[in-house]
Amino acid sequence: MSATRLLPRIRHSQRDVVRLVLHLPFDHHDLADRVSRALEVYLRAVGTGQELFSEYSLGYEPNPLREDSWERIRAALSPPLGERFLDDEQDEEYVHRRVKAQFQRTVELSSGDMGVSGYGFFYWAGLPWRTPVEDEVSLVSFSWPTEYLEAHGPVRMRELALELASLLPFSSGHAGLAFFSPNHSGASLEGIHTEAFRYPGLDVTHGCRFQGPRVDGVHWLNFLGSPVLEAVGGVAGLRARLHSPGVTVQEMERERAVVTLGLWPEAGDLERGDILPAYRELARVLGPWLYACPSHYSFHGSNPEETRRWWRRFLD
């Protein structure tokens, strides 16, 4: 099966990419060194030229990326100093000052609003409250243009995704085809409504900050940790329940695993009857642990019912 058949070209309001998203049940105090190492691995693999990354953001407005910007980026990813936790009982002004001065960690690398190059890095660290916010997780994501996948092949693409994932203490995560959108605060169907419903294998979301231990959908690579892996019977249990051709279940360190749905990531094509049966099979197995679409939630450019329909595209 050819790569061009698997990878539809979408180049208008958003573009097609390969994206790795990992959900991390820790705050920046525990993640700083690991995220920094993962970013270095990513940059060594893809490069740092202006044609790849032209902007960066540390949680505010984007700035032009220059040579001296890397020092600020690495400083933002450095381990925090001083207090370990934000105290729930402190007054609002104190908390606001501490958040701005020490605890807030958001780092993004991109190439403009439409993700022209297709490369991108995004990190958002949950705040270290002494009493943790229920189900809140930190997020990190890495993006590549689909041309990178075509040039290097799916084996190298998978190896790089696994190398990055192995560096980070994920509870769950995934990698596969996705729409690149500059809006990390919420998913959007604006400008890609037709394509999103036609190609079920292209992800729209950027990860979910309040999904707790649950799983954010079904994708080409599906990273599973505790407690989901135990709940589905571990590696052996998954292998016994997944029968689609080309599906593999690989054990990872620290009692984690990755489920790979075929050699290539697939977009599917509902207009041609390609409903991605392997993806649907895994969705049925993971059903009780899939993060449900929040009630009354809607993507930008859609209504709640359309959002729910897209969210359940491998279950209904």
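Residues numbered from 1 in each chain as written. Predicted model: local features only at pLDDT ≥ 70, side-chain atom pairs only at ≥ 80, totals over all residues. Heavy atoms only, no water.

### Comments concerning the overall build of the protein
Where we set the bar: A run of H or I in DSSP counts as a helix once it spans at least four residues, and a run of E counts as a strand once it spans at least two, with each numbered from the N terminus. The atom set for the radius of gyration is the C-alpha atoms, and the globule formula is 2.2 Å times the number of residues raised to the power 0.38. Type-normalised accessible area, obtained with a 1.4 Å probe on protein chains alone, sets the label of each residue: buried when under 20%, exposed when over 50%, and partly exposed for intermediate values. Contact criterion: two residues are considered in contact whenever any of their non-hydrogen atoms come within 4.5 Å of each other. Note on areas: Shrake-Rupley with a 1.4 Å probe; residue coverage comes only from the protein chains shown. None of His or the chain ends enter the tally, which takes Lys and Arg as positive and Asp and Glu as negative. In this description, the location of a charge corresponds to atom NZ of lysine, CZ of arginine, CG of aspartate or CD of glutamate.
If you tally the helices and strands in the protein, you get 10 helices and 10 strands. A compact globule built from 316 residues should have a C-alpha radius of gyration of about 20 Å, and the protein, at 19 Å, falls within 12% of that. Summarising its shape, the C-alpha atoms of the protein cover approximately 55 × 45 × 40 Å along the three principal directions. A total of 316 residues make up the protein; the buried ones form 55% of that total. In the protein, of all internal contacts separated by at least 6 residues, the share reaching a separation of at least 24 is 74%. Split by element, the accessible area of the protein, about 14300 Å² in all, is 51% carbon and sulfur. Looking at the protein, you have 33 positive and 43 negative side-chain charges, and the mean spots of the two groups are 4 Å apart.

### Some details on the nonpolar core
Condition: Only buried residues count toward a nonpolar core. Its members are Ala, Val, Leu, Ile, Met, Phe, Trp, Tyr and Cys residues joined through side-chain atoms within 4.5 Å.
Counting residues in each nonpolar core, the largest one holds 88 residues, and the members touching the most others are Tyr42, Leu109, Phe121, Phe142, Trp144 and Phe223. If we ignore the near neighbours within four places in the chain, the residues touching Phe142 are Val18, Arg19, Leu20, Ala38, Leu39, Tyr42, Gly120, Phe121, Leu164 and Leu168.

### A few points about the layout of surface pockets
Take a probe with the size of a water molecule and roll it over the atoms, and the empty space left behind shows itself. Filter applied, for reference: The definitions used throughout rest on a 1 Å grid laid over the protein atoms alone, on which a cavity is an enclosed set of points accommodating a 1.4 Å probe that cannot get out and a pocket is an open set flanked by protein within 12 Å on both sides along at least five of seven lines; lining residues are those having an atom within 4 Å of a point. Grid points are joined across faces, edges and corners, and a volume is the space filled by probe spheres set on the points. Charged residues are taken to be Asp, Glu, Lys and Arg, nonpolar residues to be Ala, Val, Leu, Ile, Met, Phe, Trp, Tyr, Cys and Pro, and polar residues to be all remaining types, Gly included.
There is about 380 Å³ of room inside the second largest pocket. What lines the second largest pocket is a set of 25 residues, among which Tyr291, Ala292, Cys293, Trp311 and Arg312 lie closest to the centre. Here the lining of the second largest pocket gets five residues from one element, more than from any other, and that element is helix H10 (residues 304-311). Looking at the lining of the second largest pocket residue by residue, the class counts come to 13 nonpolar, six polar and six charged.

### Examining helix H8 (residues 234-241)
Rule in force here: Directions are taken from the helix axis to each C-beta atom, and the arc is the one they span.
Of all the positions in H8, only Gly234, Val235, Gly237 and Leu238 are classed as buried. End-on view of H8: buried residues confined to an arc of 165 degrees, all on one side of the axis. Along H8, the residues that are exposed and aim more than 90 degrees away from the buried face are Ala236 and Ala240. Packed against the buried residues of H8 are strand S8 (221-224), helix H7 (228-231), strand S9 (247-252), strand S10 (256-261) and helix H9 (277-286).

### Some details on the sheet that holds strand S6 (residues 138-145)
The strands making up a sheet associate through hydrogen bonds between their backbones, and the pairing can be parallel or antiparallel. Convention followed: Here a strand pair is declared whenever DSSP counts at least two bridges between the two strands. Between N-to-C directions, angles cover 0 to 180 degrees, with each direction set by a line fitted to C-alpha atoms, over the stretch in contact for helices.
Strand order in the open sheet formed by 10 strands is S3-S2-S4-S5-S6-S1-S7-S8-S10-S9, and the pairing between neighbours is antiparallel. Among the strands making up the open sheet, the edge pair consists of strand S3 (63-64) and S9. Here S9 runs beside S10; their pairing, made up of six bridges, is antiparallel. If you follow Gln250 over to S10, its bridge partner there is Val258. The sheet contacts of H8 involve S8, S9 and S10, and relative to S9 the element is tilted by about 180 degrees.

### Comments concerning the state of the cysteines
How we decide: The disulfide criterion is simple: two cysteine sulfur atoms within 2.5 Å.
Tallied over the full model, the rule gives zero disulfides. Here Cys208 stays unpaired: no disulfide links it, and the sulfur of Cys293, its closest cysteine neighbor, is 9.2 Å away.

### Regarding the pattern of salt bridges
For clarity, the cut-off: The salt bridge definition used is simple: a Lys or Arg side-chain nitrogen within 4 Å of an Asp or Glu carboxyl oxygen.
Within the structure shown, the criterion is met by 15 salt bridges. With its nearest N and O atoms 2.7 Å apart, the salt bridge here joins Glu150 to Arg9. One end of the pair, Glu150, is in helix H5 (residues 146-166); the other, Arg9, is in the loop between helix H1 (3-6) and strand S1 (15-24), with 141 residues separating them in the sequence. With relative accessibility at 43%, the residue Arg9 sits in the partly exposed group. Of the charged contacts in the structure, one is a salt bridge between Asp68 and Arg72, with a shortest N-O distance of 3.9 Å. By relative accessible area, Asp68 is classed as partly exposed at 45%. When salt bridges with common partners are traced through the structure, they connect Arg9, Arg11, Arg15, Asp16, Glu147 and Glu150 into a single cluster.

### Let's talk about the packing of helix H2 (residues 28-46) against helix H3 (residues 69-76)
The contact between H2 and H3 brings their axes to 9 Å, and the two run at 145 degrees. From H2, His28, Leu39, Glu40 and Leu43 reach across to H3, where they touch Trp70, Ile73, Arg74 and Ala76. Tallied by class, the residues present in the contact of H2 with H3 amount to five nonpolar, one polar and two charged.

### Considerations on H2
Using the following cut-off: What is called the bend at a residue is the angle between a pair of axes, fitted to the seven residues leading up to and ending at it and to the seven starting from it. In the analysis that follows, any N or O atom pair within 3.5 Å is treated as a polar contact, provided that within protein one partner can donate a hydrogen and the other can accept it, and provided that, for residues neighboring in sequence, both atoms belong to side chains.
If you look at H2, its biggest bend is around 30 degrees, right at Arg34. Residues His28, Leu31, Ala32, Val35, Ala38, Leu39, Val41, Tyr42, Leu43 and Val46 constitute the buried set of H2. Against S1, H3, strand S4 (106-110), strand S5 (120-124), S6 and H5 lie the buried residues of H2. Among the residues of H2, the N-terminal cap falls to Asp27, whose side-chain oxygen and the backbone nitrogen of His29 are separated by 2.9 Å.

Geometry only, nothing functional implied.
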